Amino acid sequence: MGSGAQRGTDIVGQCTVDAAEAIRLVQAQPGQARALALAARRRARGEGDPEAGSMAERALGLVDKERNELDGAARHLREAIRLAAAGGLPVREAEARMSLALVLAHLGKGGPALRQADLAATVLRGPDAARLQMQRALILQHLARFDEALDGYRRALTVFRRSKDRLWETRALCNRGVLLTNRGEFRAAEADLVRALDLCTELEFELGAGLVAHNLGYLSARRGDVVRALEWYDAAEHRYVAAGVERSELLLDRGELLLSARLVAEAREAAQQVVAELARDRMALRLPEARLMLSQAALVDGDVATARAAAEQARRAFARQGRLGWAALARYAALRASWAGGDRSARALRSALDAGAALAGTGWAIAALDARVLAARIALDLGRSDVAGRELAAASRARHRGPVELRSRAWHAQALLCLSRGHRGQAIAALRSGMDVLEEHRAALGATELRAHLSAHGADLATLGLRLAVEDGHAERVLEWAERWRAGALRPRLVRPPDDAALAARTAELRNVVREREQAILAGRSDGALLRRQSELEEAVRQRARRAPGGGAASATAPATADLVAVLQDQALIEMFELDGRLHAVVVTRDKAAVLRGLGAAREVSDELDAMHFALRRLARTRGGQASLDVALSAVGHAAMRLDRMLLEPLTADVGDRPLVIVPPGRLHATPWSLLPSCLGRPVVVSPGAALWRAAAEDRAPAVKDRSAVVLVAGPDLPHAGAEVAALGRQYKGAVRLVGKSAEVKAVLDALDGADLAHVAAHGRFRSDNPLFSCLVLADGPLTVYDLESLRRPPRVLLLSACQSGVSGVRPGDEVMGLAAALLGLGTRTLVASVVDVPDEQTANLMLGVHRHLRKGDSPAVALCRAQGEMIGRADPRAIAASAGFVCFGSG
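By convention here, each chain's residues receive numbers from 1 onward along its written sequence. Restriction of local features to residues with pLDDT of at least 70 applies here, the model being predicted, together with a cutoff of 80 or more for giving and counting side-chain atom pairs; totals for whole chains, interfaces and linings are based on all residues. Excluding hydrogens and water, the side-chain values take into account all heavy atoms of the structure.

Topic: the overall build of the chain
Put simply, the rule is: Put simply, DSSP H or I for four residues or longer makes a helix, DSSP E for two residues or longer makes a strand, and each gets a number counted from the N terminus. Throughout this description, buried means an accessible area under 20% of the type-specific maximum (1.4 Å probe, protein chains only), exposed means over 50%, and partly exposed covers the range between. Only heavy atoms enter the contact rule, under which two residues are in contact if any of them lie within 4.5 Å. Shrake-Rupley sampling with a 1.4 Å probe provides the accessible areas, and residues are treated as covered by the protein chains on show and by no other component.
Along the chain, the regular secondary structure elements total 39 helices and 16 strands. Relative to its full complement of 892 residues, the chain shows a buried share of 58%. For the chain, long-range pairs separated by at least 24 residues make up 69% of all intrachain contacts whose partners lie at least 6 apart in sequence. In the form shown here, the chain has an accessible surface area of approximately 35200 Å², with 49% of it arising from carbon and sulfur atoms.

Written out as structure tokens, the structure is:
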């Protein structure tokens, strides 16, 4: 009997130990914790041990919380409370209440959460009371009672440090770091999070390190440092996957960041991933948020069907959950998708009117105004001028007050209202006013990381202005609107915070206010004070940006024809653009007024360009005989003639035999212009915008002003690179040469900064899914567009002897991104780079020829043209492929 009782006591004791161990392992190894807790619960039930049973249920509840299965967590924790109360175990009951309080806070039940914490506080003492104090602070943080929460963290941290409880100190620092981030106190937040990460390393607490990395990513995103945020999010995901924990919140945060930086393909992939995971795990609370993100990413990506379906699924789910602010936002996303899909039906009109009312009723002022404008445009198509007039008049009232996005959209409404009344001149004036608002606040708009439903409104204004100018046949006005559109597209994408500390602080506060406004609307609270603060901050940022070095708006200003003529010498400038499926061009020369010409169909031009690229790839890569090369060369020639017929032959009388400056639409930036018959033997310069070309062309200094400021770089795994740089080194005495292991990213960036002439022979990789990660491959890894943005003064003239180094990706609004676009936007005067694959062995010969002509005093455009002519004269298909692949970008 005694022996049996002793044996039972040992078993029960071990059961309690196992349950306690399960609680300890919850964050570090949740899978193992769950298995241990299930085994402990089975044994506790068999032995009738309420303490072990309560602890096991608490462990299971905590595991469910880590997996974001909050309803299940609440059930387990309530059972833990019941078992402890029935067994007369007040401390175990209080511990379970402490855990339940946090779960209820995550479920949005702040009042019940605090009541559970208060009940636990009557029992817990010492270290347990400090842990409860921290949990209570976190609940207060969820309720936006930040001052009380900070006081709670301070009190708890004092106890943790005194008792050397490093695990709970880590948790408190991590939570406080998030609170400080949301308050915009970034330096203090970073100190807390970095200390928490150090403690996780000391404790070998891998999952905790993942949580801290996630929060450091969130901090970097709120600061506006996209690059660092993505790095932290990647580190967090690696640890989450290793620990086997749910990562939906991480994926949602990363997707939102990717959308804000217009990295559409990656944002869409992240959204699809989190939708799949949440649907698989039946996590209904977060799933509609993920579907809404997917809708926004798909719409920006041009996939209307997916955008509409995902938005409708999200709207229905939000409505079932009673989340009216979210439901209104999803309804707006569905409306935008229907509009993009061409739906102009009476049903679409009713939907737009209903969406506008719902958005206005829940506080989404900008989206509500946009819905009114869409309703009016549908009404005009349906002949309902009364409805259109009413909606446009209401929308236009906001043009003199409120945030930038609101005012710019209101000016668009005013323009449409004027057009509907037959006042064309007033409509054009309204469009100009709307663009002025956007251009004056470029810095502020760059800082507002609103979701995709607030994106690219400048394109709507510019497109309407462009369409009216084309209809009027007014070439100078067409040039103005084409450039105003491009000015927004060429604006550098802010992926790092500004160097100006005051500007960075104001920009960060603006970002915080915008986010707080969204959260207030979604929670059903008034956002009036935040809306006023947003307007004040936008104006403060605009004023500060004007005073900062380089903060003027000159680079974004559309140049008048007279401004271009003043810089043009013997060249002809051709500004091409696409409108309603057709290509058009404005031609400007010194001795002729600007003229407007129609070109070919955009789709046909795109098809021929694809065919040329395919044939050039065959020329560059084929290892077949002469017959294969001749077939590929014939295909190149055929495509070149077709492109020439559609793009340049209609302009023959206007351009004569002048050298050309071509400003193409985004999809034509990768055109091998030297192959087109009209360009043979003629210097050609390509620029993303006439304003950008004009600014660069005003620098008339020789390409190589200072022979001692020359940089030569050879990257790895490129057979000709070392010999190419060695040959150039003999021609440029005193040049900085970086070859082999010395050609690392930092060393190359340091050398490029302030260089007069730079030549980089390295493999290039163009990322069509994410052009901002296009790169040159160096000894220690990729040198990306993000890295280039750290240059204070990029090289004046840069030659990139690499495949695809000049390729750019095109994003909505004709936004051009890639190595070439980034360098020109940062201030490089001239860039020679390839737009297709080129054969390495022939490229070295071409580059040596270009430098030979540069040293004779030729401009880069002329030097490239002459070197290409020499290569083509060899009648070698590979030499032709190498020469054709390179384009001179910038000023020439």
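Some words on helix H6 (residues 110-121)
Selection criterion: To estimate how far a helix should reach, multiply one less than its number of residues by 1.5 Å. Arc definition: it is the arc formed by the directions from the helix axis to the C-beta atoms.
Counted at 1.5 Å a residue, the expected span for H6 with its 12 residues is 16 Å, and the 17 Å between its end C-alpha atoms agrees. Listed as buried for H6 are Gly-110, Ala-113, Leu-114, Gln-116, Ala-117 and Ala-120. Along H6, the residues classed as buried sweep out an arc of 160° about the axis, all on the same side. Buried residues along H6 sit against helix H4 (70-86), helix H5 (90-106) and helix H7 (126-142).

Comments concerning the side chain of Asp-18
Which entries qualify depends on this criterion: A 3.5 Å cut-off defines polar contacts: any pair of N or O atoms within that distance qualifies, except that in protein one atom must be a possible hydrogen donor and the other a possible acceptor, and neighbouring residues in sequence count only when both atoms are side-chain atoms.
By the secondary structure assignment, Asp-18 is in helix H1 (residues 2-25). Side chain to side chain, Asp-18 and Arg-43 meet in a polar contact 3.1 Å long. Asp-18 has contacts with Leu-36, Ala-40 and Arg-43, leaving out every residue within four places of it along the chain.

What to know about the packing of aromatic side chains
Threshold: Centres within 6.5 Å make a pair out of two Phe, Tyr or Trp rings, where for Trp the six-membered ring is used; the pair is then stacked when the planes are under 30 degrees apart, edge-to-face when over 60, and tilted otherwise. Only when the NZ of Lys or the CZ of Arg is both within 6 Å of the ring centre and within 35 degrees of the ring normal is a charge said to sit over the ring.
For the structure shown, the criterion picks out two aromatic pairs. Both rings, one in Phe-160 and one in Trp-168, keep their centres 6.1 Å apart while their planes meet at 45°; by these two values the pair is tilted. With a relative accessible area of 0%, Phe-160 lands in the buried category. Centroid distance Phe-318 to Trp-326: 5.3 Å. Interplanar angle 25°. Geometry classified as stacked. In terms of burial, Phe-318 and Trp-326 fall into one category: buried. Arg-344 extends its terminal NZ or CZ atom over the ring of Trp-339, reaching a point 3.5 Å from the ring centre.

Some points on the pairing of strand S7 (residues 736-739)
For clarity, the threshold we go by: Two strands form a pair only when DSSP identifies at least two bridges running between them. Look down the strands so they point away from you; if the path from the first strand over the helix to the second goes clockwise, the crossover is right-handed.
As paired strands, strand S6 (residues 710-714) and S7 are joined by four bridges and run parallel to one another. Along S7, the bridge assignment pairs Ala-714 with Val-739. Considered for its hand, the β-α-β crossover made up of S6, helix H33 (residues 721-731) and S7 is right-handed.

Description of the pattern of salt bridges
For clarity, the threshold we go by: Each salt bridge in this description consists of a side-chain nitrogen of Lys or Arg and a carboxyl oxygen of Asp or Glu lying within 4 Å of one another.
Inspection of the entire model under this criterion finds 48 salt bridges. One salt bridge connects Arg-268 with Asp-301, and the closest N-O pair in it is separated by 3.2 Å. A residue pair is termed long-range when its members are at least 10 positions apart, and Arg-268 in helix H14 (residues 264-280) and Asp-301 in the loop between helix H15 (287-300) and helix H16 (304-321) qualify at 33 residues. Asp-301 sits in the partly exposed class, given a relative accessible area of 42%. Of the charged contacts, one joins Arg-658 and Asp-591 as a salt bridge, the two residues approaching to 2.8 Å between their closest N and O atoms.

Description of the pairing of strand S15 (residues 830-834)
Here S15 lies mainly inside the structure; five of its five residues are buried. Side chains of S15 alternate between two faces, with Thr-830, Val-832 and Ser-834 and Leu-831 and Ala-833 buried alike. Direction of pairing for strand S12 (residues 797-800) relative to S15: parallel, over a ladder of three bridges. From the neighbouring strand, Leu-798 faces S15, where its bridge partner is Leu-831.

Some remarks on the sheet that holds S6
Put simply, the rule reads: Note on method: axes are straight lines fitted to C-alpha atoms, helices fitted across the in-contact stretch only, with angles between N-to-C directions ranging 0 to 180 degrees.
As summarised here, the arrangement of the 11 strands in space is S3-S2-S1-S4-S5-S16-S15-S12-S8-S6-S7, forming an open sheet in which the pairing is mixed. Looking at the sheet topology across the chains shown, the edges are occupied by strand S3 (592-601) and S7. When strand polarity is set aside, the average angle formed by the axes of neighbouring strands in this sheet is 20°. Packing of helix H36 (residues 819-826) onto the sheet brings it into contact with S12, S15 and strand S16 (886-890), and relative to S16 it is tilted by some 25°. Along the sheet, helix H38 (residues 860-872) makes contact with strand S5 (684-686), S12, S15 and S16, crossing S16 at roughly 170°.

Focus on unusual backbone geometry
Positive phi outside glycine occurs at Glu-204, with the angle close to 55°. Within the chain, Asp-580 stands out as a residue other than glycine whose phi angle is a positive 55°. You can see Asp-580 is positioned in the loop between strand S1 (572-579) and strand S2 (582-589). For Asp-580, a relative accessible area of 58% puts it in the exposed group.

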